[in-house]
Amino acid sequence: MSYFLSFAFLFVVQIHGAPPEFLQEEFGIDPIELDSIQASNMSDVSTSPPPGTSKRAPQSIIIGVRKGGTRALLEMLDIHPEVAAAATEVHFFDWDENYAKGFEWYRDLMPYSYPNQITIEKTPGYFTSALAPERICAMNSSIKLLLILRDPTERVISDYTQVYFNRLENHKPVQAIENLLVRNGVLNMRYKAIQRSLYDVHIRNWLRHFPLEQIHIVDGDALIQDPLPELQKVENFLNLPPRIVSSNFYFNQTKGFYCIRSDGRERCLHESKGRPHPAVNNSVLQQLRAFLREHNRTFFRLVRRTFNWQ
Ligand code: A3P
């Protein structure tokens, strides 16, 4: 509920750990998410929590994928009265320095919730983190995981676009996407944006610790086209009563995406979500698609489901 989100903004700014520029550069985190990470490192100056509430470990986590639509999914789920969404990207299970702070530190970053609510946090970096599955399993082996994926080629371009704008903002030089994707005529496998789109590689790591039934995959492309059916599937997966309805969404022509209507307010996601992508040289694009096709097939087999990825 947005009531709880507003709590996060009562915090005092005090950034620990890595400087924002490093986070933007190394992790490609966009400014709006960076704001939320900074908020998570703030000390709570709010006086008393609402009576009957407490901070609980999440019963569900949106584990990724970065640029899959994780923010849209969290904000849309937060419409549900029985969902308490963490306002911040926590990066507890994927960043060693945060993990070292311990479980109480983590729980303290969760929103206040009523006993009938499900606490959810989202950190897109978990999906591609080597250690996150094992660590999350150690916290709660029956936790429900949400994974939102989109066409992995589109995801690479979206990833590039985000870093491109971050670099511009920080007055750093930028490269054409083709120069990052291809080196000496072959795909540049050291480019992290490609590595993150190898969904089969990452899901294997999760399936070592969680049964497939505990991982619900949200179709990020379908969420863009028509959010409600995807959210209804999530309600069902989380055993939540159906409360999200079609009037919670309206299409905003200017943004070109669905926006949210809830608690008498209308809002679209931050401008860094849904940016136009650059045109990519066709033969480079085909090279990337051809490479990812085999990985996609393996992924479909592992999750026993197919997606409309080109
Ligand atoms: P683009 O900005 O490349 O279009 P994440 O929150 O994980 O970083 O994902 C960002 C992506 O969410 C955006 O990528 C956009 O395509 C997608 N998205 C899905 N639903 C959206 C919505 N209603 N408004 C804006 N972006 C949305």
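Everything quoted here is computed from the prediction, not taken from an experiment.

What about the site of the ligand?
- Taken together, 20 residues lie near the ligand, and Thr70, Ser158, Tyr258, Gly274 and His277 sit nearest.
- In the environment of the ligand, an oxygen atom lies 3.1 Å from a nitrogen or oxygen atom belonging to the side chain of Arg150.
- For the ligand, whose unbound accessible area comes to 570 Å², protein coverage reaches 97%.
- Of all the elements in the fold, those that place two or more residues in the shell around the ligand are α4 (70-77) and β11 (257-262).
- With 4 residues, the single largest contributor to the shell around the ligand is α4.
- Looking at side-chain class alone, the shell around the ligand contains 7 nonpolar, 7 polar and 6 charged residues.

What to know about the nonpolar core
- Counting 31 residues, the largest nonpolar core has Tyr126, Ile136, Trp206 and Phe299 as the members making the most contacts within it.
- For this core, the secondary structure elements donating two or more residues are β2 (60-64), α7 (132-139), β6 (144-149), α11 (199-207), β9 (215-219) and α14 (282-303).
- Of the residues forming this core, the biggest block, 4 residues, is contributed by α14.
- Excluding residues that lie within four positions of it along the chain, Ile136 makes contacts with Ile61, Ile63, Phe93, Tyr126, Ile143, Leu145, Trp206 and Phe210.
- Judged by nonpolar contacts, the second largest core, of 25 residues, contains Ile79, Ile148, Leu240 and Ile244.

Details of helix α13 (residues 227-237)
- Among all positions of α13, only Pro227, Leu228, Glu230, Leu231, Val234, Glu235 and Phe237 are buried.
- Summarising the contacts, the buried residues of α13 are in contact with α4, β6, β9, α12 (220-225), β10 (249-252) and β11.
- Remark: Asn239 follows α13 within two positions and exhibits a positive phi of approximately 55 degrees.

Points about the pattern of salt bridges
- Scanning the model with the defined rule gives 13 salt bridges in all.
- For Arg261, the salt bridge is made with Glu266, and the minimal N-O distance between the two is 2.9 Å.
- Through salt bridges with shared partners, a single network forms among Arg66, Arg155, Asp159 and Arg196.

Basis of the calculations
Residues numbered from 1 in each chain as written. Predicted model: local features only at pLDDT ≥ 70, side-chain atom pairs only at ≥ 80, totals over all residues. Heavy atoms only, no water. Near = heavy atom within 4 Å. Polar contact = N/O pair within 3.5 Å; in protein donor to acceptor, adjacent residues only side chain to side chain. Areas by Shrake-Rupley, 256 points an atom, 1.4 Å probe, with all protein chains shown as cover. Helix = DSSP H or I, 4+ residues; strand = E, 2+ residues; numbered from the N terminus. Nonpolar A, V, L, I, M, F, W, Y, C, P; charged D, E, K, R; others polar. Core = buried A, V, L, I, M, F, W, Y, C linked by side-chain atoms within 4.5 Å. Buried < 20%, exposed > 50% of the residue type's maximum accessible area, 1.4 Å probe, protein only. Contact = heavy atoms within 4.5 Å. Salt bridge = Lys/Arg side-chain N within 4 Å of Asp/Glu carboxyl O.

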